[in-house]
Amino acid sequence: MRETEHEAEPGKRPLGVGMVGYAFMGAAHSQGWRTVGRVFDLPLQPVLSAVCGRDGAAVRAAADRLGWASAETDWRALVARDDIDLIDICTPGDSHAEIAIAALDAGKHVLCEKPLANTVEEAEAMVEAAERARARGQVAMVGFNYRRVPALALARQMVADGRLGTLRHVRLSYLQDWLVDPAFPLTWRLRKDRAGSGALGDLGAHIVDLAQYLVGEPVAGVSALTETFVRERPLLDGASSGLTAEGGTATGQVTVDDAAVFTGRFPSGALASFEATRFAAGRKNALRLELNGSDGSLAFDLERLNELSFHDHTEPATSSGFRRILVTEPGHPYLEAWWPPGHGLGYEHTFVHQARDLLHAIATDAQPEPSFAAGLSVQRVLAAVEESAEKNSVYTPVASTPVTV
């Protein structure tokens, strides 16, 4: 009988994982940890040792449902456990810095959900802790899972190989609609003290990271607009689940943005445009991007995540045009371990790939990407967007982050 996720495979060194938080992202990360050893040949065997949450009954139920061996109600107790080597942080942004720094200082590896923190100052402190830990052989990674979509990893390879020539335009949008109803309640994602920002940090962080990842440069400066369309909402009545919740009769103030639109510039001269909103009626998870260069273009839509559109501008005009690349071949990133060609993957597979890459980095003492420093780079762009929006869209340089993105 095959070992369970609570046990290490014979002959492989176990890596005890402790996870803080068990809602939407906790469930997605759990799926990754449960699945990765059943798909990829790993140098280490992840052991799902414990999950942590404040409600004892709820976290014990989550442990059973998601495949964790035990439950804790205090993250400090989780960090102190000798059987845990890595802390996976899936909590709202206001607790990221405290948990990550404590875990790193306690000798643990850390995976932290995006955005890295709620403020630049918190992110800087996290990077400093990661650098101290790196000298001791620990690693820290931020969970920008869309880098692990095979089509986007392929796009990065094509840009790096010069298939687009000199980049001119980088165009990204991330559109959702779950806040269109003004009766949707005031969950933690709509409170600045918990979430840091609204659509900007929730969705904008993803597209900023993807832009910097694909281009291979940090954003140099931005000019931005933000807006809060519904400024007062019903207070939460009971628990929320994922992006669904019930509200009561009392109301409270929304303290984050509902949408952010901004332009940007890269040091190489490429121009960028970004749009992030949770008010695009009919758009459920529409992350779209297009890159235009002197020799070609690439386009991607997350809702068709097994496809990449490519135009080779060096071909004769009589036969050139965008063509679909079905990213399901064994030679494409991550796909050597999955299904026969033509059999697509889904959203949940990005978390399996994330776990795979992190485990290989730990085993080889390599710095995983995106690092905390890359997370800080994104945080500085978000801060510049907020500053620009507060100053009537004035162009705002992004503080430099000397880091590979």
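Residues numbered from 1 in each chain as written. Predicted model: local features only at pLDDT ≥ 70, side-chain atom pairs only at ≥ 80, totals over all residues. Heavy atoms only, no water.

Some remarks on the overall build of the protein
Per the secondary structure count, the protein includes ten helices and 17 strands. In terms of overall dimensions, the protein is globule-like: its C-alpha atoms have a radius of gyration of 21 Å, near the 22 Å expected for 405 residues. Seen through its principal axes, the protein has C-alpha atoms that stretch 60 × 55 × 40 Å. A total of 405 residues make up the protein; the buried ones form 56% of that total. Residue pairs in contact within the protein that sit at least 24 positions apart in sequence constitute 72% of those at least 6 positions apart. Surface accessibility of the protein: about 16,600 Å² in total, with carbon and sulfur atoms responsible for 50%. Between the centroid of the 38 positive side chains of the protein and the centroid of its 52 negative side chains there is a distance of 2 Å. (Helix = DSSP H or I, 4+ residues; strand = E, 2+ residues; numbered from the N terminus. Rg over C-alpha atoms; globule rule 2.2 N^0.38 Å. Buried < 20%, exposed > 50% of the residue type's maximum accessible area, 1.4 Å probe, protein only. Contact = heavy atoms within 4.5 Å. Areas by Shrake-Rupley, 256 points an atom, 1.4 Å probe, with all protein chains shown as cover. Lys, Arg positive; Asp, Glu negative; His and termini not counted. Charge placed at Lys NZ, Arg CZ, Asp CG, Glu CD.)

Observations concerning the UniProt feature "domain: Gfo/Idh/MocA-like oxidoreductase N-terminal" (unreviewed entry) in the protein
Under the feature "domain: Gfo/Idh/MocA-like oxidoreductase N-terminal" (unreviewed entry), the UniProt entry names residues 16-139. Secondary structure across residues 16-139 divides into 47% helix and 21% strand, with the first and last C-alpha atoms of the span separated by 14 Å. (UniProt positions renumbered as here; feature names shortened; annotations may be inferred.)

Quick look at the domain arrangement of the protein
Assigned domains within the protein: domain 1 (13-146) and domain 2 (148-344 + 372-390). Between the C-alpha centres of domain 1 and domain 2 the distance comes to 24 Å. Contacts between the two partners involve 29 residues from domain 1 and, on the opposite side, 34 residues from domain 2. Between domain 1 and domain 2, a total of about 2,600 Å² is buried, with carbon and sulfur atoms accounting for 66% of that surface. The tally of links between domain 1 and domain 2 comes to three salt bridges. Between Arg194 and Asp94 there is a salt bridge; the shortest N-O distance is 3.1 Å. Linking domain 1 with domain 2 are ten residue pairs in polar contact (both at pLDDT 80 or more), by the criterion used here. When contributions to the side of domain 1 that touches domain 2 are tallied by element, the ones reaching two or more residues are helix 1 (24-39), helix 4 (96-105), strand 5 (109-113), helix 5 (120-134) and strand 6 (140-143). Among the residues making up the side of domain 1 that touches domain 2, the classes are represented as 21 nonpolar, five polar and three charged. (Domains from an automatic or database assignment. Buried area = accessible area lost by both parts, 1.4 Å probe. Salt bridge = Lys/Arg side-chain N within 4 Å of Asp/Glu carboxyl O. Polar contact = N/O pair within 3.5 Å; in protein donor to acceptor, adjacent residues only side chain to side chain. Nonpolar A, V, L, I, M, F, W, Y, C, P; charged D, E, K, R; others polar.)

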